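A structural walkthrough
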Amino acid sequence: MSDLTPPATAVVDLLGMLAYGELVAFDRMADDARLAPDLRRRAVLSEMAGREISNYCRLADRLTELGADPEEAMRPYVQAVSDYHAQTEPADWLEGLAKAYIGDNIADDFTREVAAVLTGPDRDLILDVLHDSRHADFAADELRAAIAVDPKVANRLSMWSRRLVGEGISQALRVAAERPSLAELLAGGGTDFQALLKRLTSAHTARMGAVGLNN
């Protein structure tokens, strides 16, 4: 971790990106809940959606404390996130679960790497918001159970997961080009980008294997 205080613009950019991500996650979980095959699963996702909107409020409050307008801080990420979700609209319950498990976890891994170069309350807030893994755990359990019942499902979901990763990388590069402050934040913290990529790839590969999907 760098001893330098990160530029305020970079912190606001990061919190704005996360806040919008939490807002969209709330919408997505609420939609996914309606795809649930039974009321128990619908209730689980609805409860998780409630936690996402709570996380959004915490991030928006912090942006306000920093003197930023939360809506303005989120605005730069609306198009890239919207395009990602438009290109990766799940066709059914299992594709929605895979999207939550694969796509969301990669985004969280990257955000943790960025947060590691911060100090103080902003770092603690981000790590706390990302700490709750119940959604990923729930998705992983559901995917394993579905593959156990019908192993052929794994091939379809593996192809879907590769599409998620490809589209996610495409939009991440777009954001990095449009908001260079985030890349500068990592560089200022002494991050080795090649090592970062290897860590993200390794975590993704392990995650795929853990639920029976091929990388």
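Residues numbered from 1 in each chain as written. Predicted model: local features only at pLDDT ≥ 70, side-chain atom pairs only at ≥ 80, totals over all residues. Heavy atoms only, no water.

Some thoughts on helix 10 (residues 193–210)
Between the first and last C-alpha of helix 10 there are 26 Å, a value that for 18 residues agrees with the 26 Å anticipated at 1.5 Å per step. Among all positions in helix 10, only Leu196, Leu200, His204, Arg207 and Met208 are buried. For helix 10, the buried positions fall inside an angular range of 100° around the axis, keeping them on one side. Helix 10 presents Gln194, Lys198 and Ala206 as exposed residues on the side facing more than 90 degrees away from its buried surface. (Helix = DSSP H or I, 4+ residues; strand = E, 2+ residues; numbered from the N terminus. Expected span 1.5 Å × (residues − 1). Buried < 20%, exposed > 50% of the residue type's maximum accessible area, 1.4 Å probe, protein only. Arc of directions from axis to C-beta.)

Looking at the packing of aromatic side chains
For the structure on display, the rule yields one aromatic pair. Both rings, one in Trp93 and one in Phe138, keep their centres 6.4 Å apart while their planes meet at 75°; by these two values the pair is edge-to-face. Taken together, the residues Trp93 in helix 5 (residues 93–115) and Phe138 in helix 7 (residues 134–149) connect sequence positions 45 residues apart. Relative accessible area serves as the criterion here: at 12%, Trp93 is assigned to the buried category. Classification of Phe138 as buried rests on a relative accessible area of 10%. (Phe/Tyr/Trp six-rings, centres within 6.5 Å; stacked < 30°, edge-to-face > 60°.)

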